[in-house]
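Chain by chain, the residues:
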Protein chains: 2
Amino acid sequence: MPEPKLVPDDIAERTLMLGLCNELLGQNGLVWCRRLMVMQPTMIDPDSQPEEVRNFLTFFATKYHYDAAQAEGAAARVVSILNALSAQLAAQKTKGSKYLIGDQLTALDIYWSTAAAILDPLPHNMCPMPDNFREFYSTVGPDIEAALDTKLLAHRDFIYENYLTLPLLM
Amino acid sequence: MPEPKLVPDDIAERTLMLGLCNELLGQNGLVWCRRLMVMQPTMIDPDSQPEEVRNFLTFFATKYHYDAAQAEGAAARVVSILNALSAQLAAQKTKGSKYLIGDQLTALDIYWSTAAAILDPLPHNMCPMPDNFREFYSTVGPDIEAALDTKLLAHRDFIYENYLTLPLLM
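These numbers were taken from a predicted model, which means no experiment stands behind them.

About the cut-offs
- Residues numbered from 1 in each chain as written.
- Chains lettered and ligands numbered in written order.
- Predicted model: local features only at pLDDT ≥ 70, side-chain atom pairs only at ≥ 80, totals over all residues.
- Heavy atoms only, no water.
- Helix = DSSP H or I, 4+ residues; strand = E, 2+ residues; numbered from the N terminus.
- Expected span 1.5 Å × (residues − 1).
- Buried < 20%, exposed > 50% of the residue type's maximum accessible area, 1.4 Å probe, protein only.
- Arc of directions from axis to C-beta.
- Polar contact = N/O pair within 3.5 Å; in protein donor to acceptor, adjacent residues only side chain to side chain.
- 1 Å grid on protein atoms, 1.4 Å probe; cavity = no way out; pocket = protein on both sides within 12 Å on 5 of 7 lines; lining within 4 Å.
- Points joined across faces, edges and corners; volume = space filled by probe spheres on them.
- Nonpolar A, V, L, I, M, F, W, Y, C, P; charged D, E, K, R; others polar.
- Core = buried A, V, L, I, M, F, W, Y, C linked by side-chain atoms within 4.5 Å.
- Contact = heavy atoms within 4.5 Å.
- Buried area = accessible area lost by both parts, 1.4 Å probe.
- Salt bridge = Lys/Arg side-chain N within 4 Å of Asp/Glu carboxyl O.
- Phe/Tyr/Trp six-rings, centres within 6.5 Å; stacked < 30°, edge-to-face > 60°.
- Lys NZ or Arg CZ within 6 Å of the ring centre and 35° of its normal.
- Least-squares fit on C-alpha atoms with pLDDT ≥ 70 in both.

Engineer: Teacher, can you tell me more about helix H8 (residues 150-163) of chain B here?
Structural biologist: The α-helix advances 3.6 residues per turn, and as a result positions three or four apart in sequence lie on the same side. Residue and element names in this part refer to chain B. For H8, with 14 residues, the first-to-last C-alpha span of 20 Å sits near the 20 Å given by 1.5 Å per residue. Within H8, burial applies to Leu-152, Leu-153, His-155, Arg-156, Ile-159 and Tyr-160. Summarising the axial view, the buried residues of H8 lie within an arc of 155°, below the 170-degree limit, and thus occupy one face. Of the exposed residues in H8, the ones pointing more than 90 degrees away from its buried face are Thr-150, Lys-151 and Glu-161. For H8, the side-chain oxygen to backbone nitrogen distance between the N-cap and Lys-151 is 2.9 Å, and the N-cap itself is Asp-149.

Engineer: Would you take a moment to explain empty space enclosed by the protein for this structure?
Structural biologist: Once rolled over the atoms, a probe with the size of a water molecule shows which space is left empty. Residues and elements named next belong to chain A. Evaluation of the coordinates by the stated rule reveals 1 cavity of 30 Å³ or more. Its boundaries defined by the atoms lining it, the largest cavity holds a volume of some 40 Å³. Forming the boundary of the largest cavity are Ser-113, Thr-114, Ala-116, Ala-117, Asp-120, Pro-121, Leu-122, Cys-127, Arg-156, Tyr-160 and Leu-168. Among the secondary structure elements, those contributing two or more residues to the lining of the largest cavity are helix H5 (107-115) and helix H8 (150-163). Within the lining of the largest cavity, the residues separate by chemical class into 7 nonpolar, 2 polar and 2 charged.

Engineer: Could you clarify how one ought to interpret the nonpolar core in this entry?
Structural biologist: Within soluble globular proteins, side chains that are nonpolar tend to cluster in buried spots. Counting 50 residues, the largest nonpolar core has Leu-30, Val-78, Leu-82, Leu-108, Trp-112, Leu-119 and Ile-144 of chain B as the members making the most contacts within it. Contributions of two or more residues to this core are made by helix H1 (11-25), helix H2 (30-44), helix H3 (51-63), helix H4 (68-94), helix H5 (107-115), helix H6 (131-138), helix H7 (141-147) and H8 of chain B. Per element, the largest residue contribution to this core is 9 residues, and it comes from H4 of chain B. Other than its neighbours up to four places away in sequence, Val-78 of chain B contacts Leu-30, Cys-33, Arg-34, Leu-119 and Ile-144 of chain B. Counting residues in each nonpolar core, the second largest holds 42 residues, with Ala-74, Leu-85, Trp-112 and Met-129 of chain A among its members.

Engineer: Just to check I follow, could you spell out the interface of chain B and chain A for this structure?
Structural biologist: Interfaces are frequently sized by the accessible area removed from exposure as the parts join. With 16 residues of chain B at the contact, the number on the chain A side is 16 residues. Between chain B and chain A, roughly 1,200 Å² of surface is buried when both sides are summed, and carbon and sulfur atoms account for 59% of that area. Three residues, Ile-11, Arg-14 and Thr-15 of chain B, lead the burial of chain B against chain A; their summed loss comes to 40% of the area buried on that side. Along the contact surface separating chain B from chain A lie 2 salt bridges. Arg-14 of chain A serves as the salt-bridge partner of Glu-23 of chain B, at 2.6 Å between the closest nitrogen and oxygen. Applying the counting criterion to the chain B and chain A interface returns 2 residue pairs in polar contact (both at pLDDT 80 or more). Of all elements in the fold, only H1 and H4 of chain B reach the threshold of two or more residues within the side of chain B that touches chain A.

Engineer: What is the right way to read the packing of aromatic side chains from this model?
Structural biologist: The relative placement of two aromatic rings is captured by the distance of their centres and the angle of their planes. Residue and element names in this part refer to chain A. Taken as a whole and assessed by the stated rule, the structure comprises 16 aromatic pairs over all chains. Taken together, the ring pairs connect Phe-56, Phe-59, Phe-60, Tyr-64, Phe-133 and Tyr-137 into an aromatic cluster. One residue, Arg-35, lies across the ring of Tyr-64, its end atom 3.7 Å from the ring centre.

Engineer: Looking at this structure, how should I read unusual backbone geometry?
Structural biologist: A negative phi angle characterises most non-glycine residues, just as the trans form characterises most peptide bonds. Residue and element names in this part refer to chain A. In this structure, the amide linkage connecting Leu-166 to the following residue, Pro-167, adopts the cis form with an omega of 0°. Turning to its location among the elements, Pro-167 is positioned in the segment after H8. For Asn-28, which is not a glycine, the phi torsion comes out positive at approximately 60°. Note that Asn-28 resides in the loop between helix H1 (11-25) and helix H2 (30-44). Judged by its relative accessible area of 11%, Asn-28 falls in the buried class.

Engineer: Which parts of the structure should I look at to understand the relation of the copies chain B and chain A?
Structural biologist: Both copies of the chain are related by one operation, a rotation about an axis with a shift along it. Laying chain B over chain A is done by rotating through 180° and shifting 0.0 Å along the axis; what remains is an RMSD of 0.0 Å. The superposition of one copy onto the other is thereby described by a two-fold rotation axis. Residues of chain B ranked by C-alpha distance from the rotation axis are headed by Gly-19 of chain B, positioned 2.2 Å from it. Most of the interface of chain B is mirrored in chain A: 100% of its interface residues are interface residues there too.

And the structure:
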């Protein structure tokens with residue numbers, strides 16, 4: 001078993017943790033839905049992007065199983081996942097914990113912190129990426145912007161400062 | 001999306017469902033732990049089995065990453081997962097639901113019903129398998145036997161009767 005252990009021993013904590021990891025990284029999860037959102041304008045109107053970007057996004061649309069109906073619901077799905085994470089973080093704070101699950105670091109803290117790059121990338125010196133990626137990732141629309149709890153972003157910062165290494169290379 | 005939909009739309013239900021599916025089928029989950037238990041006697045004392053069975057189990061021990069320490073804790077892990085499923089089924093009954101999650105069939109009902117074969121195989125006419133497999137699968141030891149809630153087995157029967165096809169071919 002790797003140390004430190006990133007999967008809780010307690011079955012209720014582990015069940016919730018894996019379930020929320022799936023919401024972040026699984027099929028139709030937060031990262032999946034954000035990718036659909038990035039592709040959507042190009043898939044609706046291919047001429048809205050320069051040829052190079054269009055070719056790139058069309059390639060990824062195939063790779064990532066772009067689906068127009070799913071793309072339509074993607075922002076709402078991301079909002080519901082952010083709300084669930086915010087509620088979990090708030091519940092944990094009430095219990096006196098600094099972590100998303102239990103009282104120590106788990107995979108969920110790391111997954112959230114890294115997945116947040118597709119919503120609110122860290123500044124260039126901490127997380128370098130091409131300008132168009134930064135624009136794609138930062139353009140989340142009003143609903144997600146409203147749901148993007150500053151406490152969730154502060155939690156990301158806390159995890160990077162204490163457990164991860166910057167710069168984050170995508 | 002396949003119909004009927006086997007993944008709930010509600011995020012709390014979906015999170016719990018995926019977390020419990022992981023407990024059944026994921027790494028160090030119920031099926032994983034039962035496999036370790038089946039191999040354990042042979043791994044501890046290779047001469048306890050006839051050569052053919054020994055070769056077969058040794059092959060699977062490699063394939064399934066047999067680990068002596070995990071095998072030692074396997075029965076307790078299975079018990080904790082069965083207890084969590086029993087508690088979930090009881091909570092659902094209190095809410096008036098016949099299913100493990102929400103108020104309709106989900107993947108978890110199907111996963112539980114099929115995974116139960118490694119604890120309490122259905123009779124030969126419903127689930128044919130070689131006799132030594134039947135013995136391996138049925139030999140769960142006293143702790144798991146005590147934790148194997150008859151209501152969970154009745155739930156398996158309900159799911160087979162209404163949604164699945166018998167005989168179950170392993």
